[in-house]
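# Chains, contacts and geometry: an overview
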Amino acid sequence: MLSYDELTSSERELWDAFPEGRRVDLRTGAPEDDRVAAGGQWGPGRAVRAAVIVALLLGANTTQPGAVACLRLTGARISGHLNLAGAQLGHSLWIEDCWFDEPVNLLGASTQTLVITGSRVPGIEAGSARIEGNLDLRRSLVESGAPGHFHHDITALSLTNARVTGGVVLNKAEINAPGGWAVAAGGLVMEGGVFCKGGFVARGEVRLLGAQLPGGLFMQGARLEQPGPRGVALALDNAVASTINLSGGFTANGTVRLRGARISDSLTFEGATLNGPPDGNGPSLAALLMQAVDFDFTLARPPSGIVDLRGAQVSYLHDSEHSWPDVVELDGFVYGSIKVDEAGERREAVGRRDSVAHRVAWIRRSPGYNPQPYEQLASWYRKAGHDDDARRVLLAKQRHRRQTLHPAARVWGHLLDATVGYGYRPWLAGVWLLALTLLGTLSFGTHSPDPVQRGQGAPFQPLVYTLDLLIPIGGLGQRTAWFWPDDSLQWLAYLLIAFGWVLTTAVIAGVTRALQKN
């Protein structure tokens, strides 16, 4: 136990101020001397031992009646290891513009509001901590320390399995663990929000796997750089949040992962930049099985890597010309509506002249053939009352599928496409029937056939004779009553019979396919 006589003058000032919650300011007032970046050179007059802070927070100085004890310290160099692991702290800690020689250890501690702003700290371990209030690290520089208790990678800020009843505020903070974990907060349980705005920079992976964020995650304007070996800048796998805001200039030089994340309100990337891993070997966004109500993907420019939305579900999708890279994984992606950003205005994507062509080209960015993206798009068009556009999408699906078939099936597919548009353009059958009828009528009308049996049957009618050839079912009494001595016309009659069967078969097959799919 420290005695009062062992304390330096600055430590005695802090000791005396603690019971009343008064702030102790050790700054000189000269800006060049008070720069925290040079705190390692501050002399003994500004030094406070970490052991003194620990002793005060653990009750070494009795609280005065009528006052709220609180440790408030500004402009100090804190020497030694601030070890509060497992401690039960009933007082708040407010540290501003200080330099820590060694890491801060709050592993498993229970504490009140913890504020370390504008300071330099060589690592904070707060795994399994319970913070009744806020954790405020605004403007602080937190650098990587040794691997933590819950992970093996080098970590700057650890909040693994921690619980915070207020908010975590990292605005303008700089968290450095290049190639490691800048923030390790898997299993974090929040009651407030997590704020990483206003110039927040993380060098290393920010991990929030399975975090519960009912107050949301706000990273407007944040920069995530120098990810770990896996190339992941932000990992939110299986996180549960009300809102995730990665907009306003948010930049990720690594993969943003949202696999299995559930967002009850909005997920926005408006104005963000997703550069993907520096080596180019990885997606820019991996959001497999993600669920959100409002998904705003109006980026500042197209992502450099793949966007993977397989199995994701959103109610509202917002995109723009800058949203999609060359490769997009869309199999299983479900959405309720699509709005497009044009000149700063959000409009429904249906009804535009090039809407179907644009959306089909979007689907074709997905590698291979998958029917679900086409069926999902067609369903959206139908719900919006654009049945013709839905049929155009389903026709594009069949044409894409045809490329995966063996040669004989591709030939049959081309025939179905040319004759009835796979059943989605049945009017083509009428065009073919009209053209063949006209051809037959004109060809047969310039010659006279011979009767099969003289004096029997109806008089020869070129139009009726042609229709009798083209219609394979039933008969009009002309085909069996006349034959052609001219071989060329007789072969034309045979060809019209064949075309009639092919056309009828194609109509039945195409319409049946369309009815089965819809």
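Presented here is a report on the structure given in the accompanying data block.

Parameters and conventions
Throughout this document, residue positions are counted from 1 along each chain, in the order its sequence is written. Note on the predicted model: pLDDT of at least 70 is required for a residue's local features to be given, and 80 or more for side-chain atom pairs to be given and counted; whole-chain, interface and lining totals, by contrast, use all residues. The basis for every side-chain value is the complete set of non-hydrogen atoms in the structure, without hydrogens or water. We treat two strands as partners when DSSP finds at least two bridges between them. Strands here mean DSSP runs of E at least two residues long; helices mean DSSP runs of H or I at least four residues long; both are numbered from the N terminus. Each Phe, Tyr or Trp ring, with Trp reduced to its six-membered ring, pairs with another whose centre is within 6.5 Å; inter-plane angles below 30 degrees give stacked pairs, above 60 give edge-to-face pairs, and intermediate values give tilted ones. The buried label applies to any residue whose accessible area, calculated with a 1.4 Å probe on protein chains only, is under 20% of its type's maximum; exposed applies above 50%, and partly exposed to all values in between. Lines fitted to C-alpha atoms define the axes, with helix axes restricted to the stretch in contact, and inter-axis angles between N-to-C directions lie between 0 and 180 degrees. Orientation is classified from the angle alone, with under 35 degrees giving roughly parallel, over 145 giving roughly antiparallel, 65 to 115 giving roughly perpendicular, and any other angle giving oblique. Handedness of a crossing is defined here by the sense of rotation of the near helix relative to the far one, left-handed for an anticlockwise turn of less than a right angle and right-handed for a clockwise turn. We call two residues contacting when some pair of their heavy atoms lies within 4.5 Å. Under the convention adopted here, Pro, Cys and the residues Ala, Val, Leu, Ile, Met, Phe, Trp and Tyr are nonpolar, Asp, Glu, Lys and Arg are charged, and Gly plus all remaining residues are polar. In this context, the arc is that of the directions from the helix axis out to the C-beta atoms.

## Structural notes on the pairing of strand β12 (residues 130–136)
- Here five bridges tie strand β9 (residues 110–117) to β12, and the two strands are oriented parallel to one another. Bridging across to β12, Thr111 finds its partner in Ile131.
- Both β12 and strand β15 (residues 163–164) contribute to a ladder of two bridges, which runs parallel. Bridging from a neighbouring strand, Ile131 pairs with Val164 of β15.

## Let's talk about the packing of aromatic side chains
- In the structure shown here, the tally under the stated rule is 11 aromatic pairs.
- Ring geometry for Phe269 versus Phe295: centroids 6.3 Å apart, planes at 80°, classification edge-to-face. Within this pair, whereas Phe269 is found in the loop between β28 (262–268) and β29 (273–274), its partner Phe295 is found in strand β31 (residues 291–296), the two being separated by 26 residues in sequence. Both residues of the pair, Phe269 and Phe295, count as buried.
- With 6.1 Å between their ring centres and 50° between their planes, Tyr335 and Trp362 make a pair best called tilted.

## Quick look at the packing of helix α1 (residues 9–17) against helix α2 (residues 50–57)
- Taken N-terminus to C-terminus, the directions of α1 and α2 make an angle of 15°; their axes are 11 Å apart at the nearest point. With respect to α2, the element α1 is oriented roughly parallel. You can see that α1 and α2 cross each other, and the crossing is right-handed. Together, Glu11, Leu14 and Trp15 of α1 and Val52, Ile53, Ala55 and Leu56 of α2 make up the contact between the two elements.
- Tallied by class, residues from the contact of α1 with α2 come to six nonpolar, no polar and one charged.

## Structural notes on the environment of Phe444
- Considering the arrangement of structural elements, one finds Phe444 in helix α7 (residues 427–445).
- Given a relative accessible area of 0%, Phe444 falls into the buried group.
- Counting along the chain gives 45 residues from Phe444 to Leu489, while the straight-line C-alpha distance between them is 7.3 Å.
- Once residues lying within four places of it in the same chain are set aside, the contact partners of Phe444 are Phe460, Pro462, Tyr465, Thr466, Leu469, Trp484, Leu489, Leu492, Ala493 and Leu496.

## Re α1
- Within the span of α1, buried status applies to Ser10, Glu11, Leu14, Trp15 and Ala17.
- On the buried face of α1, the contacting elements are β1 (23–25), β2 (47–49), α2 and β3 (70–74).

## Observations regarding helix α3 (residues 355–363)
- When we look at burial in α3, the residues that qualify are Ser355, Val356, Arg359, Val360, Trp362 and Ile363. One side of α3 carries all its buried residues, which in axial view fall inside an arc of 150°.
- Against β33 (313–319), β34 (328–329), β35 (334–342), α4 (371–383) and α5 (387–402) lie the buried residues of α3.

## As for the pairing of strand β14 (residues 155–158)
- Examined bridge by bridge, strand β11 (residues 124–125) and β14 share two bridges and lie parallel to one another. The partner of Ile124 across the bridge, within β14, is Leu157.
- As paired elements, β14 and strand β17 (residues 174–184) share three bridges and run parallel to each other. Bridging across to β17, Thr155 finds its partner in Trp181.

## A short note on the packing of α3 against α4
- The geometry of α3 relative to α4 is characterised by a closest axis approach of 10 Å and an angle of 155° between their N-to-C directions. One element, α3, and the other, α4, form an angle in the roughly antiparallel class. Where α3 crosses over α4, the handedness of that crossing is right-handed. Across the interface between the two elements, Ser355, Val356, Arg359, Val360 and Ile363 of α3 pack against Pro373, Tyr374, Leu377 and Tyr381 of α4.
- Partitioning the contact of α3 with α4 into residue classes produces seven nonpolar, one polar and one charged.

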